[in-house]
Amino acid sequence: MSDEEHHFESKADAGASKTYPQQAGTIRKNGYIVIKNRPCKVVEVSTSKTGKHGHAKCHFVGIDIFTAKKLEDIVPSSHNCDVPHVNRTDYQLIDISEDGFVSLLTDSGDTKDDLKLPTDESLLKQIKDGFAEGKDLVVSVMSAMGEEQICALKDIGPK
């Protein structure tokens, strides 16, 4: 036994809380799944019959919730897939800076200044126009696997 203390420097993130396992056969349309390390919303699921070697396969078609890219994956239905923890939070929009970042008001009264404006053109235009008109806007922020993005907008009336 030594009296020395060991110091471990961890550069890796366990990532345990970002996803949870779920059996492939139980994932349904409009659910979420991780395909190629990207959180996706499932738009199509088809299951093949058990073959000669006994595994039914699930074919998933998903759309990345942040980039809107279509991704596909085929997994044996008895195996586990990663499912992302997807959270949707509403924040009130306070300000839009020149460099494309938004300032949002959280429920606790703090400000959140680390989010960029969305890349979706129509949503971007709605946010900028509504803000320019002085409306009170509430944005919905979708977060999954350490990423966050504004995904929807609500108008709660004039200031």
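Bear in mind the structure is a predicted one, so any value in this text is a computation, not a measurement. (Residues numbered from 1 in each chain as written. Predicted model: local features only at pLDDT ≥ 70, side-chain atom pairs only at ≥ 80, totals over all residues. Heavy atoms only, no water.)

A.B. asks: I'm lost on the state of the cysteines in this one. Help?
C.D. replies: Tallied over the entire structure, the rule returns zero disulfides. You can see cysteine 58 has no disulfide; the closest cysteine sulfur is in cysteine 81, sitting 7.4 Å from it. (Disulfide = S-S within 2.5 Å.)

A.B. asks: Teacher, can you tell me more about a negative patch on the surface here?
C.D. replies: Taken together, Asp95, Glu98, Asp99 and Asp113 make up a surface patch of like negative charges. Turning to its location among the elements, aspartate 113 is positioned in strand β9 (residues 111-116). Residue classification places aspartate 113 among the partly exposed residues on the basis of a relative accessible area of 44%. (Patch = residues over 30% accessible without salt bridge, like charges linked within 9 Å, V, L, I, M, F, W, Y side chains within 5 Å. Areas by Shrake-Rupley, 256 points an atom, 1.4 Å probe, with all protein chains shown as cover. Salt bridge = Lys/Arg side-chain N within 4 Å of Asp/Glu carboxyl O. Lys, Arg positive; Asp, Glu negative; His and termini not counted. Charge placed at Lys NZ, Arg CZ, Asp CG, Glu CD. Helix = DSSP H or I, 4+ residues; strand = E, 2+ residues; numbered from the N terminus. Buried < 20%, exposed > 50% of the residue type's maximum accessible area, 1.4 Å probe, protein only.)

A.B. asks: I keep staring at the environment of glutamine 23 and nothing clicks. Help me out?
C.D. replies: Within the secondary structure layout, glutamine 23 lies in strand β1 (residues 19-23). By relative accessible area, glutamine 23 is classed as partly exposed at 38%. Between the C-alpha atom of glutamine 23 and that of asparagine 80, which follows or precedes it by 57 residues, the distance is 4.2 Å. Polar contacts involving the side chain of glutamine 23 include one to the main-chain carbonyl oxygen of serine 77, which spans 3.5 Å. (Polar contact = N/O pair within 3.5 Å; in protein donor to acceptor, adjacent residues only side chain to side chain.)

A.B. asks: How do you make sense of helix α1 (residues 121-132) when you look at a structure like this?
C.D. replies: Every α-helix winds through 3.6 residues per turn, so residues three or four apart in the chain are directed the same way. Compared with an ideal rise of 1.5 Å per residue, which puts twelve residues at 16 Å, α1 spans 16 Å between its outermost C-alpha atoms and is within 8% of the ideal. The set of residues buried in α1 consists of Leu123, Leu124, Ile127 and Gly130. Within α1, the buried residues cover an arc of 145° as seen down the axis, which keeps them to one side. Seen from the open side of α1, the exposed residues pointing more than 90 degrees away from its buried face are Glu121, Lys125 and Ala132. Looking one or two places after α1, you find glycine 134, whose phi comes out positive at around 80°. (Expected span 1.5 Å × (residues − 1). Arc of directions from axis to C-beta.)

A.B. asks: Would you mind going over the nonpolar core with me for this structure?
C.D. replies: When a protein is soluble and globular, its nonpolar side chains tend to lie buried together. Counting 14 residues, the largest nonpolar core has Leu93, Val102, Leu104, Ile127, Val139, Val141 and Ile150 as its most contacted members. Broken down by secondary-structure element, the contributors of at least two residues to this core are β7 (87-96), β8 (101-105), α1 and β10 (135-144). If we ignore the near neighbours within four places in the chain, the residues touching valine 139 are Thr89, Asp90, Tyr91, Leu104, Ile127, Ile150, Ala152 and Leu153. The next biggest cluster of nonpolar side chains, apart from the first, holds twelve residues, and it includes Ala24, Ile35, Val75 and Cys81. (Core = buried A, V, L, I, M, F, W, Y, C linked by side-chain atoms within 4.5 Å. Contact = heavy atoms within 4.5 Å.)

A.B. asks: In this structure, what is going on with the sheet that holds strand β3 (residues 38-47)? I would like to understand it.
C.D. replies: The strands making up a sheet are joined through hydrogen bonds of the backbone, oriented either antiparallel or parallel. The strand order across the open sheet formed by four strands is β2-β3-β4-β5, and the pairing between neighbours is antiparallel. The outermost strands of the open sheet, each flanked by one partner alone, are β2 (32-35) and β5 (70-76). Strand-to-strand twist in this sheet, taken as the mean axis angle between neighbours without regard to direction, amounts to 45°. With seven bridges connecting them, β3 and strand β4 (residues 57-64) associate as antiparallel partners. Bridging from a neighbouring strand, serine 46 pairs with histidine 59 of β4. (Pairing = 2+ DSSP bridges. Axes fitted to C-alpha atoms, helices over the stretch in contact; angles between N-to-C directions.)

A.B. asks: Hey, could you run me through the side chain of aspartate 64 in this one?
C.D. replies: Locating aspartate 64 in the fold gives a position in strand β4. Residue aspartate 64 is classed as buried on the basis of its relative accessible area of 3%.

The values reported here are purely geometric and, on their own, carry no functional implication.
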